[in-house]
Amino acid sequence: MKNLYLIAYLDLKESIRAKWFLVYSLVFGGLIALFFIAGVTESQVMGFSGLSRLLLMYIQITIVILPIFILITTVRSISGDRENHILEYMLSFPISLRDYYWGKIIGRFITVYLPVLFAMLIAIIYGFFKGADIPWNIFFLYTGLLFSLSSTFLGIAFFISSFVKSSEIALGIAFFIWIFLLAFIDIALISLMMQQRFNEELIIFIAMINPMELFRVAAISLFDPELTVMGPVAFYILDSMSQSVFVLLSIAYPLLVGLIFALLGFKIFEKKDLV
Amino acid sequence: MIKVSQLTKKFGSHISLDNVSCTFEKNESIALMGANGAGKTTLIRSILGYYHPNSGEVLVNGLNPVKQRTQVLQNISFVPQLPPPIKLSLEELMQYISISAQVDTQLIMHYADEMKLDIKANIHKSFFKLSGGMKQKMLIAISLAKKSTIIIYDEPTANLDPKARDDFYRLLKQNEDEKVLLFVTHRLEEVKELVNRQIYMDLGKVVSDEKV
Ligand SMILES: Nc1ncnc2c1ncn2[C@@H]1O[C@H](COP(=O)(O)OP(=O)(O)O)[C@@H](O)[C@H]1O
Ligand SMILES: [Mg+2]
């Protein structure tokens with residue numbers, strides 16, 4: 001256990017010093033700041049007001065940029081260390097592969113999650129001093145959603161990192177996965193739907209397997225408990241489960257996906273030559 | 001202490017170790033030599049448990065270095081061919097080593113002193129920002145401070161000036177008792193005093209192995 005914490009702690013320290021982390025924090029912090037400057041909290045758009053509106057905008061941008069940020073900053077963690085012979089030295093000490101791998105994941109998780117969380121906290125605190133109503137339910141939902149979204153992409157990143165030969169390829173795969181989940185699946189499914197070859201339920205099911213899509217839907221579900229924006233899709237979803245079960249599922253499922261990928265990555269890491 | 005039996009390691013179709021067998025016992029200091037690409041590094045990494053052999057096995061004190069890596073590595077000090085670009089500061093690197101391998105930080109400082117490396121002045125510097133020679137000195141200091149029965153050096157003197165090399169060989173001489181010292185080198189004349197066995201490798205095989 002002490003080695004696990006040691007690896008996590010040192011990885012965290014190292015990441016926080018890195019330039020990418022500075023950029024990363026500035027982006028998310030800056031996003032919130034920008035919203036305030038633009039007066040999002042004061043406006044009345046689409047019926048939501050104040051902080052809720054801000055959080056919704058924040059989460060919608062975050063869902064696009066957080067995955068790619070996590071992917072490109074962590075996808076090289078194991079493969080990069082292997083490539084430049086850091087693993088060869090660091091693993092010559094009596095540390096189990098289990099401690100090394102999971103320690104790295106924990107360290108990275110804290111690094112990528114905290115700035116996103118802090119940005120939201122800043123919004124809440126700022127809103128509090130401005131006397132705004134704090135939408136706690138939205139805040140907690142988003143905290144949970146971001147937690148599980150981070151874990152999905154961290155898991156995928158470590159999975160890729162465990163088997164690729166070079167960092168360049170790792171980056172390429174990461175980018176592809178991001179685009180694929182963000183847009184390709186939707187486009188493909190929409191075209192299938194228009195051709196009316198498959199039944200809608202199947203298509204919706206496929207769409208919801210995509211953690212990013214599930215996340216999107218869950219993010220607006222508090223504003224729109226009937227999920228009317230989704231049109232007929234909502235009918236299928238809410239027909240099969242209640243809204244709160246849906247919210248729980250939208251947090252649990254991406255978390256599970258992340259864990260499974262991380263675990264697969266670990267199995268590969270163990271089975272493959274280390275250097 | 002180390003028993004390599006009919007070890008074969010391939011990368012794709014390239015055979016890096018071809019049915020290699022050898023044993024290394026206590027109080028042996030071995031110079032491992034051979035042209036570039038002969039398989040020296042591959043042999044060393046197999047002993048450290050980094051590679052899954054295609055056939056054959058390695059046993060270190062009767063243990064499998066892949067399956068029982070933590071127990072095996074407890075007893076091994078290792079300095080690689082090239083110092084890697086570790087981003088940790090010297091302080092953090094020493095923390096990593098002292099916690100994971102129970103190495104006394106004071107002792108690292110002591111050996112660094114002997115190698116004329118001022119750790120204190122560089123303690124918050126990233127390891128990779130040190131000069132090539134300083135990195136090598138740091139890794140050597142760590143390898144000496146770690147109380148191991150097996151010491152493995154993969155061409156450790158490449159970046160060292162002549163003075164530092166002398167310091168290194170002097171310290172090693174004081175430390176080789178009751179140990180296995182495995183030394184990859186291209187300069188036999190430098191380590192002649194130190195070693196009592198010479199192994200030559202070529203094309204993945206041991207081509208000569210003599211005690212001197
Ligand atoms: N990870 C690897 N992938 C592919 N080929 C490798 C790998 N490691 C070593 N080799 C090949 O194995 C041979 C032996 O390499 P090595 O053990 O590093 O030689 P030496 O240390 O004696 O110079 C070389 O031909 C090298 O190209
Ligand atoms: Mg070599």
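A brief report on the enclosed structure follows.

How each quantity is defined
Residues numbered from 1 in each chain as written. Chains lettered and ligands numbered in written order. Predicted model: local features only at pLDDT ≥ 70, side-chain atom pairs only at ≥ 80, totals over all residues. Heavy atoms only, no water. Helix = DSSP H or I, 4+ residues; strand = E, 2+ residues; numbered from the N terminus. Rg over C-alpha atoms; globule rule 2.2 N^0.38 Å. Buried < 20%, exposed > 50% of the residue type's maximum accessible area, 1.4 Å probe, protein only. Contact = heavy atoms within 4.5 Å. Near = heavy atom within 4 Å. Polar contact = N/O pair within 3.5 Å; in protein donor to acceptor, adjacent residues only side chain to side chain. Areas by Shrake-Rupley, 256 points an atom, 1.4 Å probe, with all protein chains shown as cover. Nonpolar A, V, L, I, M, F, W, Y, C, P; charged D, E, K, R; others polar. Expected span 1.5 Å × (residues − 1). Donors = N, O, S within 2.8 Å, 3.2 Å for Na, K, Ca; no water. Pairing = 2+ DSSP bridges. Axes fitted to C-alpha atoms, helices over the stretch in contact; angles between N-to-C directions. Buried area = accessible area lost by both parts, 1.4 Å probe. Salt bridge = Lys/Arg side-chain N within 4 Å of Asp/Glu carboxyl O.

## Section: the overall build of chain A
Scanning chain A for helices and strands turns up 12 helices and 2 strands. Mapped from its N terminus to its C terminus, chain A presents α and β elements in the order α-α-β-β-α-α-α-α-α-α-α-α-α-α. For 275 residues, the compact-globule estimate of 2.2 N^0.38 gives 19 Å, and the C-alpha radius of gyration of chain A, at 20 Å, lies within 12% of that figure. Each principal axis of the C-alpha distribution contributes one length, and for chain A these read about 60 × 55 × 30 Å. Each of the 275 residues in chain A was classed as buried or not, and the buried ones make up 54%. Within chain A, residue pairs in contact and separated by at least 24 positions form 79% of the contacts whose partners lie at least 6 positions apart.

## Overview of the site of ligand 1
All names here are of chain B. Lining the immediate environment of ligand 1, one finds Phe 11, His 14, Ser 16, Ala 35, Asn 36, Gly 37, Ala 38, Gly 39, Lys 40, Thr 41, Thr 42 and Tyr 51. Between an oxygen atom of ligand 1 and a main-chain N or O atom of Lys 40, the distance comes to 2.8 Å. At 2.5 Å, a side-chain N or O of Thr 42 approaches an oxygen atom of ligand 1. Starting from 560 Å² of accessible surface for ligand 1 in isolation, the protein chains cover 66%. When contributions to the shell around ligand 1 are tallied by element, the ones reaching two or more residues are β2 (14-24) and α1 (40-47). No other element matches the 3 residues that α1 contributes to the shell around ligand 1. Here the residues of the shell around ligand 1 sort into 4 nonpolar, 7 polar and 1 charged.

## Things to note about helix α6 (residues 132-145) of chain B
Given a rise of 1.5 Å per residue, 14 residues ought to cover 20 Å, and the 20 Å separating the end C-alpha atoms of α6 of chain B matches this to within 8%. Taken residue by residue, α6 of chain B has Gly 133, Lys 135, Gln 136, Lys 137, Met 138, Leu 139, Ile 140, Ala 141, Ile 142, Ser 143, Leu 144 and Ala 145 of chain B as its buried positions.

## Focus: the coordination of the magnesium ion (ligand 2)
All names here are of chain B. The coordination sphere of the magnesium ion (ligand 2), as far as protein atoms go, consists of Thr 41 (OG1) and Gln 81 (OE1), spread over 2.0 to 2.6 Å. Taken as a pair, Thr 41 in helix α1 and Gln 81 in the loop between β5 (76-79) and α3 (90-101) lie far apart in primary sequence, 40 residues in all. Owing to a relative accessible area of 17%, Thr 41 belongs among the buried residues under this scheme.

## Some details on the sheet that holds strand β1 (residues 2-11) of chain B
Residues and elements named next belong to chain B. With antiparallel pairing, the 3 strands of this open sheet are ordered in space as β2-β1-β4. Strands with a single pairing partner mark the edges of an open sheet, and in this sheet they are β2 and β4 (55-60). Recorded for the sheet is a direction-independent mean angle of 20 degrees between the axes of neighbouring strands. Two strands pair when backbone bridges link them, and β1 and β4 are joined in this way by 5 bridges, in the antiparallel orientation. Considered in β4, the bridge of Ser 5 is made with Glu 57.

## Examining helix α12 (residues 243-271) of chain A
Helix length check: α12 of chain A (29 residues) gives 42 Å between terminal C-alpha atoms against 42 Å at 1.5 Å per residue, within 8%. Of all the positions in α12 of chain A, only Phe 246, Val 247, Ser 250, Pro 254, Val 257, Gly 258, Ala 262, Gly 265, Phe 266 and Phe 269 of chain A are classed as buried.

## Description of the interface of chain A and chain B
Taken together, the contacts link 30 residues of chain A with 32 residues of chain B. Summed over both sides, the interface of chain A with chain B buries roughly 2900 Å², with 62% coming from carbon and sulfur. Summed over the three residues of chain A that lose the most area to chain B, namely Glu 88, Tyr 89 and Pro 94 of chain A, the buried surface amounts to 23% of that side. Our enumeration of links across chain A and chain B arrives at 4 salt bridges. Put simply, Arg 45 of chain B and Glu 88 of chain A hold a salt bridge, and the shortest N to O gap is 2.8 Å.

## A short note on the side chain of Thr 111 of chain A
Positionally, Thr 111 of chain A belongs in helix α6 (residues 97-129). Here Thr 111 of chain A is in contact with Leu 12, Ser 15, Trp 20, Phe 21 and Tyr 24 of chain A, once residues within four sequence places are set aside.

## Quick word on the environment of Gly 144 of chain A
Within the secondary structure, Gly 144 of chain A sits in helix α7 (residues 136-163). Once the C-alpha coordinates of Gly 144 of chain A and Leu 255 of chain A are considered, the two residues, 111 residues apart in sequence, prove to be 9.8 Å apart.

## Structural notes on the sheet that holds strand β6 (residues 150-154) of chain B
Residue and element names in this part refer to chain B. Ordered by their spatial adjacency, 6 strands build an open sheet running β5-β6-β7-β3-β8-β9, and the pairing between neighbours is mixed. On the outer flanks of this sheet lie β5 and β9 (205-211), each paired with one strand and no other. Between one strand axis and the next, the sheet turns through 15 degrees on average, direction left out of account. Bridge count between β5 and β6: 4 bridges; the pairing is parallel. Bridging from a neighbouring strand, Ile 76 pairs with Ile 150 of β6. α1 contacts β3 (28-33), β5, β6, β7 (180-184) and β8 (197-202) of the sheet and is inclined by roughly 150 degrees relative to β6. Contacts from helix α7 (residues 162-175) reach β6 and β7 within the one sheet, and its direction differs from that of β7 by about 155 degrees.

## A closer look at the pattern of salt bridges
Residues and elements named next belong to chain B. The final tally for this structure, using the stated rule, is 22 salt bridges over all chains. Residue Lys 163 pairs with Asp 167 through a salt bridge whose shortest N-O separation is 3.1 Å. Taken as a pair, Lys 163 and Asp 167 lie in helix α7 at a separation of 4 residues, close to a single helical turn. In this structure Lys 163 comes out as partly exposed when scored by relative accessible area, which is 48%. Salt-bridge contacts for Arg 187 lead to Glu 190; the nearest nitrogen and oxygen are separated by 3.7 Å.

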